[in-house]
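Summary of the model geometry
These are the residues of each chain, in order.
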Amino acid sequence: MSNRKRKNEPKRKPNVIIFGIDSLRRDHMSSYGYDKLTTPYIDRVAKDGVLFEKHFSPSIPTTPAYASMLTGMDVFGTDVVALRHEGPLGDHVQTLAETLGDHGYNTTCIGFTGNPSSRGFGTYLDYEAWLPDETGRTPKAQNLNEVAVPELERLAADNKPFFLFLRHMDPHSPYLPPAPYERMFYGSDEKDPGNRSMEPVYAFKPFADFLKSWIPEGVTDQEYVTAQYDGAVAYMDACIQTIFAKISAMGLEDDTLVIITADHGETLYEHDCYFDHHGMYDCTLVVPLIIKFPGRVPAGKRVSDVTVISDVMPTVLDLLEIPVETKFDGRSLRKTIAGEERNRISEFYITECTWMRKHGWRTPEWKLIRALEPDFHFKPEVELYNLILDPEENHNVAEQEPDVVALLTKRMEDHIARREQETQRVNPIYTNLNWHGTGKKFTSSQEVYDSLHIGSIKKARSLQAKEKAESR
């Protein structure tokens, strides 16, 4: 089906496609300098658009991250901070889908039904993104394509512009890319009896059953599991090309704003947060942002300024030239792309409400993390990392640098006080006390360790889908 313009046909507003790629950390993408060729097709998109080198998702995990991205607000503005957010997204904010719908757009969300952050789409479609098929592998991105391509055709056939949000679940765990991607970045013996790197993974009680439910039996090498993550990234990348081929074939390429980004990164074998996305270390906060919009943004440009996830909505509206009266917390990046005068971000507030409830402050040199409840990794209440000397955040220097801890704590608390005053709402990290769903506040790490447990892939899926909890 062709959508090429006929002579004298009135020009409709540009389309918008956002690829929200769950758990994609930018340092595992070849377009961001990774030494493995994981994203050749996304690399090509980046050459045709603008790549932001220092894009962050300050509030993890999925629910607060997408709430921020799809409203242009921070956690004070959305009042959403936890994965298991209780209640709907507040009426005090308007989502990107709602705004575009008000301006004549058809809106479709694929793969994010039921989450409070996905409010406002006209159509919701789903695909299998968790359970393995008969081969024991999970072709998530192809499953998405089988839903997305027909929907793309339907949207393009209408006389309205469209907004299509695609929530990709590769490379989110379980990392089970189909052949040949499962061996693409691994050539050793994953069941080598002399390799003991997986022992601490299997010994971590809260996640052990979940990880064992999809990591092949007998695997002893953690590098094999990391290679599965990289394989899932490469598989997702190849499948995304199917969408771009369809866009081109329908003549939509020049009139479609494309954004490739993620809700958060991933911890692999770092910080004891095995193969998940908790812990406010940079591996979880770093995400990609690539914008392609032929004729409106330059091709092949790289932006080194810090940007954050709440910048996405105001940027989309600005590029589409849709005026709104909303005062966003995020900034339009249009002037940043053009190299014009702008206010740079040098430091920002970070929060986590996943399996741990923490917040902190990040500057170019320092990362402060303060726990609001004990965590199940038995980590100290205060962590401080020198990001210049210790970019991988392996050496907590809080005790050696009390003055820095005090300074950053004050900067954080001043920011909280200002945002609470501006929004007339209490910081949601203080009020979401049932973030774990157990109905109690934890008083010791041992209590958390003994209480939180993912038993299976189905149970993990239920935590995000807001379905009735399932157990093995």
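Below, the structure is looked at part by part.

Conventions and cut-offs
- Residues numbered from 1 in each chain as written.
- Predicted model: local features only at pLDDT ≥ 70, side-chain atom pairs only at ≥ 80, totals over all residues.
- Heavy atoms only, no water.
- Pairing = 2+ DSSP bridges.
- Helix = DSSP H or I, 4+ residues; strand = E, 2+ residues; numbered from the N terminus.
- Axes fitted to C-alpha atoms, helices over the stretch in contact; angles between N-to-C directions.
- Contact = heavy atoms within 4.5 Å.
- Core = buried A, V, L, I, M, F, W, Y, C linked by side-chain atoms within 4.5 Å.
- Buried < 20%, exposed > 50% of the residue type's maximum accessible area, 1.4 Å probe, protein only.
- 1 Å grid on protein atoms, 1.4 Å probe; cavity = no way out; pocket = protein on both sides within 12 Å on 5 of 7 lines; lining within 4 Å.
- Points joined across faces, edges and corners; volume = space filled by probe spheres on them.
- Nonpolar A, V, L, I, M, F, W, Y, C, P; charged D, E, K, R; others polar.
- Parallel < 35°, antiparallel > 145°, perpendicular 65-115°, else oblique.
- Arc of directions from axis to C-beta.
- Phe/Tyr/Trp six-rings, centres within 6.5 Å; stacked < 30°, edge-to-face > 60°.
- Lys NZ or Arg CZ within 6 Å of the ring centre and 35° of its normal.

This paragraph deals with the sheet that holds strand β4 (residues 106–110). The pairing of strands in a sheet happens through backbone hydrogen bonds and is either parallel or antiparallel. Taken together, 8 strands build an open sheet; the order of strands is β5-β4-β6-β1-β7-β8-β2-β9 and the sheet is mixed. With partners counted over all chains shown, the strands left at the sheet margins are β5 (123–125) and β9 (301–308), one partner each. Strand-to-strand twist in this sheet, taken as the mean axis angle between neighbours without regard to direction, amounts to 15 degrees. Relative to strand β6 (residues 162–168), strand β1 (residues 15–21) runs parallel, the two sharing 6 bridges. Within β6, the position partnered with Ile21 by the bridge is His168. Packed onto the sheet, helix α8 (residues 222–249) meets β1, β6 and β7 (256–261) and runs at close to 175 degrees relative to β1. Along the sheet, helix α10 (residues 312–319) makes contact with β1, β7, β8 (289–292) and β9, crossing β7 at roughly 165 degrees.

Core analysis: the biggest nonpolar cluster contains 89 residues, and Phe19, Val225, Ile260, Phe275 and Phe376 have the highest contact counts within it. In terms of residue count, the dominant contributor to this core is α8 (13 residues). Counting 40 residues, the second-largest nonpolar core is a separate cluster that includes Ile18, Ala65, Ile259 and Ile322.

Locating Tyr41 in the fold gives a position in helix α1 (residues 40–47). Leaving out residues up to four positions away in the same chain, Tyr41 has contacts with Asp237, Ala238 and Gln241.

Another point: empty space enclosed by the protein. The full count for this structure, using the stated rule, is 3 cavities of 30 Å³ or more. The calculated volume of the second largest cavity comes to roughly 40 Å³. Together, Phe244, Ile247, Ser248, Glu253, Thr256, Val258 and Lys292 line the second largest cavity. For the lining of the second largest cavity, the elements supplying multiple residues, two or more each, are α8 and β7.

Estimates place the volume of the largest pocket at around 700 Å³. Lining the largest pocket we find 30 residues, and of these Asp74, Asp329, Gly330, His415 and Arg419 sit closest to its centre. Every element with two or more residues in the lining of the largest pocket is listed here: α2 (62–69), α3 (75–78), β10 (348–353) and α12 (402–423). Tallying contributions element by element places α12 first for the lining of the largest pocket, with 5 residues. Of the residues in the lining of the largest pocket, the class split is 13 nonpolar, 8 polar and 9 charged.

Turning our attention to the pairing of β6. When you tally the buried positions in β6, you get 7 out of 7 residues, the bulk of the element. Note: β4 against β6, 5 bridges, orientation parallel. Bridging across to β6, Asn106 finds its partner in Phe162.

For β1, the tally of buried residues reaches 7 of 7 residues, placing the bulk of the element in the interior. Neither face of β1 is open: one carries Asn15, Ile17, Phe19 and Ile21, the other Val16, Ile18 and Gly20, and all of them are buried. Pairing of β1 with β7, which is carried by 6 bridges, proceeds in the parallel orientation. Opposite Asn15, over in β7, you have Thr256 as the bridge partner.

This paragraph deals with the packing of helix α5 (residues 140–157) against α8. In contact at an axis separation of 9 Å, α5 and α8 are set at 10 degrees when each is read in the N-to-C sense. With respect to α8, the element α5 is oriented roughly parallel. In this structure, α5 contributes Lys140, Ala141, Gln142, Asn145, Ala148, Val149, Leu152 and Glu153 to the contact, and α8 contributes Tyr235, Met236, Cys239, Thr242, Ile243, Lys246 and Ile247. Partitioned by chemical class, the residues of the contact of α5 with α8 number 9 nonpolar, 3 polar and 3 charged.

Looking at where Leu252 falls in the secondary structure, it is placed in the loop between α8 and β7. Considering only alpha carbons, one finds Leu252 and Pro14, 238 residues apart in sequence, at a separation of 9.0 Å.

This paragraph deals with α2. Side chains three or four residues apart in an α-helix point the same way, a direct result of the helix having 3.6 residues per turn. Counted residue by residue, α2 has 8 buried out of 8 residues, so it is predominantly covered. Buried within α2 we find Thr62, Thr63, Pro64, Ala65, Tyr66, Ala67, Ser68 and Met69.

Below, the discussion takes up α1. Those residues of α1 that fall on the buried side of the exposure criterion are Ile42, Asp43, Val45 and Ala46. All buried residues of α1 lie within an arc of 160 degrees about the axis, which places them on one face of the element. Lining the buried residues of α1 we find β1, β2 (50–56), α8, β7 and β8.

Quick look at the packing of aromatic side chains now. Evaluation of the coordinates by the stated rule reveals 24 aromatic pairs. Ring geometry for Tyr66 against Phe165: centres 5.4 Å apart, planes inclined by 90 degrees, an arrangement best described as edge-to-face. One end of the pair, Tyr66, is in helix α2; the other, Phe165, is in strand β6, and 99 residues separate them in sequence. Its relative accessible area of 0% is what places Phe165 among the buried residues. Considering the side-chain rings of Trp435 and Phe442, the 6.2 Å spacing of their centres and the 75 degrees angle between planes classify their relative orientation as edge-to-face. No difference in accessibility class separates Trp435 from Phe442, as the two residues are buried. Taken together, the ring pairs in this structure connect Tyr66, Phe112, Phe121, Tyr124, Phe163 and Phe165 into an aromatic cluster. The positively charged end of Arg26 is found above the aromatic ring belonging to Phe56, 4.9 Å away from the centroid.

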